[in-house]
Amino acid sequence: MDMSVTVSAAEGEPQREKAEAKTIARGANASDLDAWLEKVEALGELKRITAEVDPDLEAATITYLVGGQKSPALLFENIKGHPGHRALYNMIGCNLSRFCLMIGEQPVDHPLKAVQILQNKLGRKMPPKEISADQAICNQNIVEGDDIDIRIFPAQRMWPLDGGMYLGTGDAVITKDPETGRINVGTYRMMIKGPREVGVYTSPGKDATIDREKWWKMGKPMPIAAAYGIDPLLFLVAATSLPKTECEYDYYSGINGAPIEVFTSDLTGLPLPARAEIVLEGFLYPDETFAEGPFGEFTGYYGRPSGATPFMRVERVRYRDNPTLTCALMADTAANEAGLFWAALRSAGVWADLQKLGVPGIKGVWSIPEAAGWGITVVSIKQMYAGHAPQVMALAAQCTAGAYFGKYVIVVDDDVDPTNVNQVLWAMATRSRPAQSIDILRETWSTYLDPSLNPPEIRPWGSKCLINACMDYRFIKTFSKRTKLSKDAYENVVARWQELGLSGTPPVISVFEDEKSSEGVS
């Protein structure tokens, strides 16, 4: 990702006189994002920021400073240079309650409960519902041809060394396989090149890259659309790795419990999300590239400049009145906007894949959000036979849901909560044997965005470390007994928690001592 383009004040100032749009027949004046924000506000987890905020670094800095811990969604309602526009950051952050709202559920008290709900919902796909274009909220305003200036929208620069202003972070990009007709919905970074040009960076092996190569091999430009101001659930399915032969709209509809409404564009032929607030449409032409990036990525490092990134020639812009741009800050640790929902999706996917493969004894799967969402996956199992733990390690590392990028797979016994990093580290320290318990997989599927792979030319080939942090199965019956609480004593303390003057709520414990004390203890 090779880029050093800077946007001067004059060059970056939107040409608003060009953006006067024709208004067409309107549907109901509410988007899916509006409906979700109402639920978040009712939960007390929406912060409306009415003070003026600059989209150049300031909004992202605010988000980073509050996003490292449980924090509200941030709706910036007064964006410098963009009257009438809003920007939404920290949609989910590290808040399990908002993740539950994202998948249409009431908040739960443990991450694995949310993972199991999502796992079940991933299995009930349904196709989208086609509606007429005049019912789509994004068609309130339509701008075409030379009247287009995408800089009317409050594109963001999030990190000081970002190569330009990014319109696409919390987006849903729609492409089509010209051979099979399969529609793909993905999330890709999109840096503004000019009034009618926006970059589309897609990693090797990603669906949009494969679609693009097929179109170009046919000697044709690839039709493409990008939606913003979207339902966070659409962002969730777009931003994860789902089977390449299937459409993310189907997964959205299944999780949502009702089909997503789409209409077919007469320009690109693509099905567009009718309740999105902003949609750009155009084409990617062979050999038309520009120097894009760098961009602060989900790893917490800058993705290297791309050198030659295709860009969309925007032919049509659709947007609702006073639209909201959905933004996703990519950052280190818990401030990574995608960390929690990537973790939940990978966990649900790996758990489902292991079940499909017939592996018994799986008690929980968790991909640690703070580890770039995908970097470390922990699987808890009830050991049932020799080689059980190594089998789970290998399959979890290379199944469809777990293959991309993840570097570490850790398998623990069923008395360890995989979502509790303290317990996982304890199991690694007391049950693994470095000389016997660690395996390495080489030449696995990684990403150009992994800063540890150097020189960059070796990317996207990576490796995976598999760590068996289970008790040695050969000696499991005689393995040293761990200390466990008495269930009676625990329940007594929980009942007296407030009486004892202790703050907060007591930790949830599910593993207790089931043997009687030795003789002579009174």
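Here the structure is shown first, and the text comes after it.
Rules used throughout
- Residues numbered from 1 in each chain as written.
- Predicted model: local features only at pLDDT ≥ 70, side-chain atom pairs only at ≥ 80, totals over all residues.
- Heavy atoms only, no water.
- Pairing = 2+ DSSP bridges.
- Helix = DSSP H or I, 4+ residues; strand = E, 2+ residues; numbered from the N terminus.
- Axes fitted to C-alpha atoms, helices over the stretch in contact; angles between N-to-C directions.
- Contact = heavy atoms within 4.5 Å.
- Core = buried A, V, L, I, M, F, W, Y, C linked by side-chain atoms within 4.5 Å.
- Buried < 20%, exposed > 50% of the residue type's maximum accessible area, 1.4 Å probe, protein only.
- Left-handed = near helix turned anticlockwise from the far one by under 90°.
- Nonpolar A, V, L, I, M, F, W, Y, C, P; charged D, E, K, R; others polar.
- Expected span 1.5 Å × (residues − 1).
- Parallel < 35°, antiparallel > 145°, perpendicular 65-115°, else oblique.
- Arc of directions from axis to C-beta.
- Patch = residues over 30% accessible without salt bridge, like charges linked within 9 Å, V, L, I, M, F, W, Y side chains within 5 Å.
- Areas by Shrake-Rupley, 256 points an atom, 1.4 Å probe, with all protein chains shown as cover.
- Salt bridge = Lys/Arg side-chain N within 4 Å of Asp/Glu carboxyl O.
- Phe/Tyr/Trp six-rings, centres within 6.5 Å; stacked < 30°, edge-to-face > 60°.

Colleague: Can you help me understand the sheet that holds strand β4 (residues 86-89) in this one?
Modeller: In a beta sheet, neighbouring strands are held together by backbone hydrogen bonds and run either parallel or antiparallel to one another. Taken in spatial order, the four strands make up an open sheet running β2-β3-β4-β19, and their pairing is mixed. This sheet does not close on itself; its edge strands, each paired only once, are β2 (46-49) and β19 (324-326). For this sheet, the mean angle separating the axes of adjacent strands, direction not counted, is 20 degrees. Of the strand pairs in this sheet, β2 and strand β3 (residues 73-76) are connected by four bridges, and their pairing is parallel. Note on β3: the bridge partner recorded for L46 is A73. Across the sheet, helix α2 (residues 32-42) touches β2, β3, β4 and β19, and the angle it forms with β4 is around 60 degrees. Together, β2, β3 and β4 form the strand contacts of helix α3 (residues 58-67), whose direction differs from that of β3 by roughly 160 degrees.

Colleague: Could you clarify how one ought to interpret the nonpolar core in this entry?
Modeller: For soluble globular proteins, nonpolar side chains are generally found buried alongside one another. Ranked by size, the top nonpolar core spans 105 residues in total, and within it W36, F99, L236 and F341 carry the most contacts. In terms of residues, this core owes the most to one element, helix α9 (residues 339-356), which gives 10 residues. Contacts of W36, omitting those with residues within four sequence positions, involve L88, M91, I92, R98, L101, M102 and P232. Counting 42 residues, the second-largest nonpolar core is a separate cluster that includes V173, M190, W215 and I224.

Colleague: Please explain the packing of helix α5 (residues 111-122) against α9 as it appears in this structure.
Modeller: Between two packed helices, the angle of one axis relative to the other and the distance separating the axes together describe the packing. Their axes nearest at 9 Å, the elements α5 and α9 cross at an angle of 60 degrees. Handedness of the crossing formed by α5 with α9: right-handed. Taken together, the residues of α9 that come into contact with α5 (itself represented by L112, V115, Q116, L118, Q119 and L122) are A344, L345, S347, A348, W351, A352 and Q355. Looking at the contact of α5 with α9, its residues break down into nine nonpolar, four polar and no charged.

Colleague: Hey, could you run me through α5 in this one?
Modeller: Since the α-helix advances by 3.6 residues per turn, residues separated by three or four positions end up pointing in the same direction. The end-to-end C-alpha distance of α5, which contains 12 residues, comes to 16 Å, matching closely the 16 Å that a straight helix rising 1.5 Å per residue would cover. Among the residues of α5, L112, A114, V115, L118, Q119, K121 and L122 are the ones counted as buried. Summarising the contacts, the buried residues of α5 are in contact with α4 (96-102), α8 (248-256), α9 and β20 (362-367).

Colleague: How should the packing of α5 against α8 be read in this particular structure?
Modeller: Packing of α5 against α8 brings their axes to within 8 Å, and their N-to-C directions diverge by 125 degrees. One element, α5, and the other, α8, form an angle in the oblique class. As α5 runs across α8, the sense of the crossing is right-handed. For the pair α5 and α8, contact is made by L118, K121 and L122 and by Y251, G254 and I255, respectively. The class makeup of the residues in the contact of α5 with α8 is four nonpolar, one polar and one charged.

Colleague: Got a minute to help me understand the environment of R442 in this structure?
Modeller: Relative to the helices and strands, R442 is located in strand β23 (residues 438-445). Along the primary structure R442 and C465 are separated by 23 residues, whereas in three dimensions their C-alpha atoms are 9.0 Å apart. Ignoring any residue separated from it by four or fewer positions in sequence, one finds R442 in contact with G462 and S463.

Colleague: Any chance you could explain the environment of N95 here in plain terms?
Modeller: With respect to the helices and strands, N95 occurs in the loop between β4 and α4. Separated by 120 residues in sequence, N95 and W215 place their C-alpha atoms 40 Å apart. Look past the residues within four positions of N95 in its chain and what remains in contact with it is E45, Q69, K70, S71 and L340.

Colleague: What exactly am I supposed to notice about α3 here?
Modeller: Burial in α3 covers these residues: A59, A60, T63 and G67. The buried residues of α3 occupy one face: seen down the axis, they fall within an arc of 95 degrees. Looking at the packing, one finds that the buried side of α3 touches β3 and β4.

Colleague: Whenever I open this one, a nonpolar patch on the surface confuses me. Can you help?
Modeller: Taken together, Y64, L65 and V66 make up a surface patch of nonpolar side chains, about 260 Å² in accessible area. Examined against the element boundaries, Y64 turns out to sit in helix α3.

Colleague: Help me understand the pattern of salt bridges, please; the structure alone is not making it clear to me.
Modeller: Tallied over the full model, the rule gives 35 salt bridges. Note that E246 and K125 form a salt bridge whose closest N and O atoms lie 2.1 Å from each other. Here E246 is found in the loop between α7 (232-238) and α8, whereas its partner K125 is found in the loop between α5 and β5 (129-130), with 121 residues between them in sequence. The class for K125 is partly exposed, based on a relative accessible area of 39%. Notably, a salt bridge pairs R316 with E144, separated by 2.7 Å at the nearest N-O pair. Residue R316 is found in strand β18 (residues 309-319), and its partner E144 is found in strand β6 (residues 141-144); the two are separated by 172 residues along the sequence. Through salt bridges with shared partners, a single ionic network connects D34, E41, R48, E77, R86, E277 and R320.

Colleague: Is there a simple way to think about the pairing of strand β24 (residues 461-469) in this case?
Modeller: Among the nine residues of β24, seven are classified as buried, and the element is accordingly described as predominantly covered. In terms of strand pairing, β23 meets β24 through seven bridges, oriented antiparallel. Looking at the pairing, I438 lines up with I467 of β24.

Colleague: Help me out: how do you make sense of the packing of aromatic side chains in this one?
Modeller: The geometry of an aromatic ring pair is captured by two quantities: the separation of the ring centres and the angle between the planes. Evaluated as defined, the whole model comprises 15 aromatic pairs. With 5.2 Å between their ring centres and 75 degrees between their planes, F235 and F341 make a pair best called edge-to-face. Here the residue F235 occupies a position in helix α7, and F341 occupies one in helix α9, the gap between them amounting to 106 residues. In this pair, the class of F235 matches that of F341, namely buried. Each ring, one from F298 and one from W374, has its centre 5.7 Å from the other, and the planes form 70 degrees; the classification is edge-to-face.

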